[in-house]
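Reading the structure
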Amino acid sequence: MLTIYGVPLSVHTRKTIVTAILKKMDYTVKPVIPVIPDNPPPNWASLSPTGLIPVMEDGDFTLADSSAICLYLERKQPRPSILPSDTRDYARALWFDAYAGTIFRHVVHPLFVQTIVNPNIRQSPSDKSVIDNVLDAVQPKILAYLDSQISGLFLVGNALTLADIAIVSNFIVYQYMGYRIDAAAYPRLATYLKRIAVTDAYAKALEDEKPFVANMGLDRSFLD
Ligand SMILES: N[C@@H](CCC(=O)N[C@@H](CS)C(=O)NCC(=O)O)C(=O)O
């Protein structure tokens, strides 16, 4: 049985959970919220050298970083694979996993800090100028790029891969915060996000995180 330290709500923790579900691997989630002081367990510094979630424990083996964890699960349980066999598709899946980190850093994380962490955890006001800058200046280029990359059911190849798992996880949190993709401006991206969210593994992960979402008063209406 794998142990995943993190919260299902987190973009990166969800990547590992969706991968474990897809591969039908048994796992349990131990909730850790690094932004809440004293929340992580006493041995957190050794479990997570960065202090970030997720961390995975498999027997006496521990591993931090969502991509490393997903690739470990891929080796441990190769089917179904989260990496395409075609060489170029394989490389593009890794590219989109890396690009998902850019989306997180420049769009989802700043919005999360301003709309969730500051008002609810740090008890400090949101900075509207940060939010406006993300929405008006930063995100259009990212959304247009992603829209331009979607031509089939999945981002790469013809099955759910690490690319979809990583990119969509960002937009789940984005939408939980109440933001929506403008389907008129980004029609392929809007349809794609809906499609991936209802694939079996994603739907199960999102169902399992329902209690966290309700508890935090987040907006789940995009899944209705
Ligand atoms: N590259 C890391 C990034 C992990 C990451 O940024 N995790 C966020 C949650 S999604 C976190 O732990 N944030 C807490 C903090 O910033 O203190 C990974 O893929 O696991």
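Residues numbered from 1 in each chain as written. Predicted model: local features only at pLDDT ≥ 70, side-chain atom pairs only at ≥ 80, totals over all residues. Heavy atoms only, no water.

What follows covers the overall build of the protein chain. Tallying secondary structure elements over the protein chain gives nine helices and four strands in all. Element order for the protein chain, N to C, with α for helix and β for strand: β-α-β-α-β-β-α-α-α-α-α-α-α. For the protein chain, whose C-alpha radius of gyration is 17 Å, the value lies close to the compact-globule estimate of 17 Å for 224 residues. Overall, the protein chain is about 45 × 45 × 30 Å in size when its C-alpha atoms are taken along their principal axes. Residue burial in the protein chain is summarised as follows: out of 224 residues, 47% are buried. Sequence separation of 24 or more characterises 69% of the internal contacts of the protein chain that already satisfy a separation of 6 or more. Total accessible area on the protein chain is roughly 11000 Å²; 56% of this is exposed by carbon and sulfur atoms. Positive and negative side-chain charges of the protein chain, numbering 21 and 22 respectively, have mean locations separated by a distance of 3 Å. (Helix = DSSP H or I, 4+ residues; strand = E, 2+ residues; numbered from the N terminus. Rg over C-alpha atoms; globule rule 2.2 N^0.38 Å. Buried < 20%, exposed > 50% of the residue type's maximum accessible area, 1.4 Å probe, protein only. Contact = heavy atoms within 4.5 Å. Areas by Shrake-Rupley, 256 points an atom, 1.4 Å probe, with all protein chains shown as cover. Lys, Arg positive; Asp, Glu negative; His and termini not counted. Charge placed at Lys NZ, Arg CZ, Asp CG, Glu CD.)

With that settled, the discussion passes to the domain arrangement of the protein chain. Along its sequence, the protein chain is carved into domain 1 (2–76) and domain 2 (87–223). Computed from C-alpha atoms alone, the centre-to-centre distance between domain 1 and domain 2 is 19 Å. Counting residues at the interface gives 19 residues for domain 1 and 24 residues for domain 2. Taken together, both faces of the contact between domain 1 and domain 2 bury some 1800 Å²; the carbon and sulfur share is 79%. Three residues, Leu9, Val11 and Arg14, lead the burial of domain 1 against domain 2; their summed loss comes to 35% of the area buried on that side. Linking domain 1 with domain 2 are two salt bridges, by the criterion used here. Of the charged contacts, one joins aspartate 97 and lysine 15 as a salt bridge, the two residues approaching to 2.7 Å between their closest N and O atoms. Taken together, the links from domain 1 to domain 2 amount to five residue pairs in polar contact (both at pLDDT 80 or more). Per-element tally for the side of domain 1 that touches domain 2: the top contributor is helix α1 (residues 11–22), with nine residues. A breakdown of the residues in the side of domain 1 that touches domain 2 according to their chemical character gives 13 nonpolar, four polar and two charged. (Domains from an automatic or database assignment. Buried area = accessible area lost by both parts, 1.4 Å probe. Salt bridge = Lys/Arg side-chain N within 4 Å of Asp/Glu carboxyl O. Polar contact = N/O pair within 3.5 Å; in protein donor to acceptor, adjacent residues only side chain to side chain. Nonpolar A, V, L, I, M, F, W, Y, C, P; charged D, E, K, R; others polar.)

Before going further, it helps to examine a nonpolar patch on the surface. Taken together, Val35, Ile36 and Ile121 make up a surface patch of nonpolar side chains, about 200 Å² in accessible area. Note on placement: valine 35 falls in the loop between β2 (27–30) and α2 (44–47). (Patch = residues over 30% accessible without salt bridge, like charges linked within 9 Å, V, L, I, M, F, W, Y side chains within 5 Å.)

What follows concerns the site of the ligand. For the ligand, the full set of nearby residues is Ser10, Val11, His12, Pro34, Val35, Leu52, Ile53, Pro54, Asp65, Ser66 and Phe104. In the model, a nitrogen atom of the ligand is placed 2.8 Å from a nitrogen or oxygen of the isoleucine 53 main chain. Here a nitrogen atom of the ligand and a side-chain polar atom of aspartate 65 are 3.0 Å apart. Notes on the ligand: free accessible area 520 Å², of which the protein chains cover 75%. The residue inventory of the shell around the ligand, partitioned by class, reads seven nonpolar, three polar and one charged. (Near = heavy atom within 4 Å.)

Looking now at the pairing of strand β1 (residues 2–5). Residue alternation in β1 divides its side chains into two sets, Leu2 and Ile4 and Thr3 and Tyr5, and both sets are buried. This β-α-β element, β1 to α1 to β2, shows right-handed connectivity. Two elements, β1 and strand β3 (residues 55–58), share four bridges in a ladder whose sense is antiparallel. In the strand pairing of β3, threonine 3 is matched with glutamate 57. (Right-handed = clockwise from strand over helix to strand, strands pointing away. Pairing = 2+ DSSP bridges.)

This part takes up the environment of leucine 218. Its location among the elements puts leucine 218 in the segment after α9 (210–215). In this structure leucine 218 comes out as buried when scored by relative accessible area, which is 15%. Sequence spacing of leucine 218 and valine 18 is 200 residues, and the spatial spacing of their C-alpha atoms is 20 Å. Excluding anything up to four places from it in sequence, leucine 218 contacts Leu9, Ile116, Tyr176 and Val213.

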